[in-house]
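# Structural overview
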Amino acid sequence: MSNQWNSGIHDRKLKEEICEIGRRVYNKGFAAANDGNISIRVGENEVLCSPTMICKGFMKPDDICAVDLDGNQIAGTRKRTSEILLHLAIMKERPDVKAVVHCHPPHATAFAVAREPIPQCVLPEVEVFMGEVPMAPYETPGGQKFADTVVPFLKGGTNTIILTGHGTVTFGKSLEDAYWKTEILDAYCNILLLSKQLGRVTYFTENETRELLDLKKKLGFDDPRFHVEDCDLCGNSAFRDGYKEGIPQQKSFEPAPSYPGYLSKPSTQATPATNNGDSDQLIKAITDQVMSALGK
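Residues numbered from 1 in each chain as written. Predicted model: local features only at pLDDT ≥ 70, side-chain atom pairs only at ≥ 80, totals over all residues. Heavy atoms only, no water.

Under the annotation held in an unreviewed UniProt entry, the protein chain carries the name Methylthioribulose-1-phosphate dehydratase and is attributed to Gimesia maris.

As structure tokens, then:
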């Protein structure tokens, strides 16, 4: 058990890591004043988390507190974050998730406030590292009803969720992994907004998208499009069952194309995969970036 969970709620190294992620969040402008919260699971029923009412850029290890999976505080001199129930809902639904970061990165939060879904089939790194980004419906933050809004969108390898009218939540196997998703999402949203100013976003072809998803599977990353039979290739309908009030519709961007799903036969318009130089260079560039990020 010690190999899986380190030394639990008294692990000072993990507390220092929470503080370091807090500094990154604050320095990147992802959390103003007391915004945001961070957590990491350290036992079968124990989670370290940031406290409430503290700037994430100035936390110290002694500020970090601990809760059980029901949200009861079990350690720490400061009061636990009021939004820890969001983190715990994700951890309980997804045993593979060990860390969660919630904050308000400005470009991604602009999409949350505008209630504009994130277009897919646009940028290679996003297709490989993140994939479909669902939008959980709005609920007043802090309570169990707010935490429950993300549950329908946790299937099939999701690691990033937009919280409508609020911000983002990203999660993964480590604190750095969870935070990394936040950086990718906000950078991508910034690129989308800049490209919109230039005139438009250009979507990948069906064949280009399939090649990227083939690469993603080869590298061992999961994606809802690998599991949902009737999901189209650009992920527009990957989470249709989770939306009880209707799938968010794109208004500021042209809708992504509707290609046959990854589990379906390619359309007759899809050209066979080629081994031309451009395709090889693209795959090599993404592979090198993934391997570098994984420390290999």
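Continuing now.
### Let's talk about the packing of helix α4 (residues 106-114) against helix α7 (residues 175-198)
It is the contact of α4 with α7, at a shortest axis distance of 7 Å, that shows an interaxial angle of 70°. With respect to α7, the axis of α4 lies roughly perpendicular. Of the residues in α7, those touching α4 at Pro 106, His 107, Ala 108 and Phe 111 are Leu 185, Asp 186, Cys 189, Asn 190, Leu 192 and Leu 193. Taken together, the residues that form the contact of α4 with α7 break down as seven nonpolar, two polar and one charged. (Axes fitted to C-alpha atoms, helices over the stretch in contact; angles between N-to-C directions. Helix = DSSP H or I, 4+ residues; strand = E, 2+ residues; numbered from the N terminus. Parallel < 35°, antiparallel > 145°, perpendicular 65-115°, else oblique. Contact = heavy atoms within 4.5 Å. Nonpolar A, V, L, I, M, F, W, Y, C, P; charged D, E, K, R; others polar.)

### Re the packing of aromatic side chains
According to the stated counting rule, one finds six aromatic pairs in the structure shown. Between Phe 30 and Tyr 179, the ring centres sit 6.5 Å apart and the planes meet at 40°, which makes this aromatic pair tilted. Taken together, the positions of Phe 30 in the loop between α2 (12-27) and β1 (37-41) and Tyr 179 in helix α7 put the pair 149 residues apart, joining distant regions of the chain. Take Phe 30: its relative accessible area is 2%, and that puts it in the buried class. An angle of 50° between the planes, with centres 5.1 Å apart, marks the rings of Phe 226 and Tyr 262 as tilted. With Phe 226 in the loop between α8 (206-218) and α9 (277-293) and Tyr 262 in the loop between α8 and α9, the pair connects residues that are 36 residues apart, well separated along the chain. By the burial criterion, Phe 226 is buried, and Tyr 262 matches it. Aromatic rings pair up to connect Phe 129, Trp 180 and Phe 221 into one cluster. When the ring centre of Phe 253 is taken as origin, the NZ or CZ atom of Lys 196, which lies over that ring, is 5.6 Å away. (Phe/Tyr/Trp six-rings, centres within 6.5 Å; stacked < 30°, edge-to-face > 60°. Buried < 20%, exposed > 50% of the residue type's maximum accessible area, 1.4 Å probe, protein only. Lys NZ or Arg CZ within 6 Å of the ring centre and 35° of its normal.)

### Structural notes on the pattern of salt bridges
For the structure shown, the criterion picks out 13 salt bridges. Among the ionic pairs, Asp 63 bridges to Arg 78, the shortest N-O distance being 3.8 Å. Within this pair, whereas Asp 63 is found in the loop between β2 (47-49) and β3 (65-67), its partner Arg 78 is found in the loop between β4 (73-75) and α3 (84-93), the two being separated by 15 residues in sequence. Classification of Asp 63 by relative accessible area gives buried; the value is 13%. (Salt bridge = Lys/Arg side-chain N within 4 Å of Asp/Glu carboxyl O.)

### Focus on the state of the cysteines
One pass over the structure, following the stated rule, counts one disulfide. Note on cysteine connectivity: Cys 121 is disulfide-linked to Cys 234, with sulfurs 2.1 Å apart. Classification of the bridge connecting Cys 121 and Cys 234 rests on its S-S torsion, roughly -115°, and on that basis the disulfide is left-handed. Taken together, the positions of Cys 121 in the loop between α4 and α5 (124-129) and Cys 234 in the loop between α8 and α9 put the pair 113 residues apart, joining distant regions of the chain. (Disulfide = S-S within 2.5 Å.)

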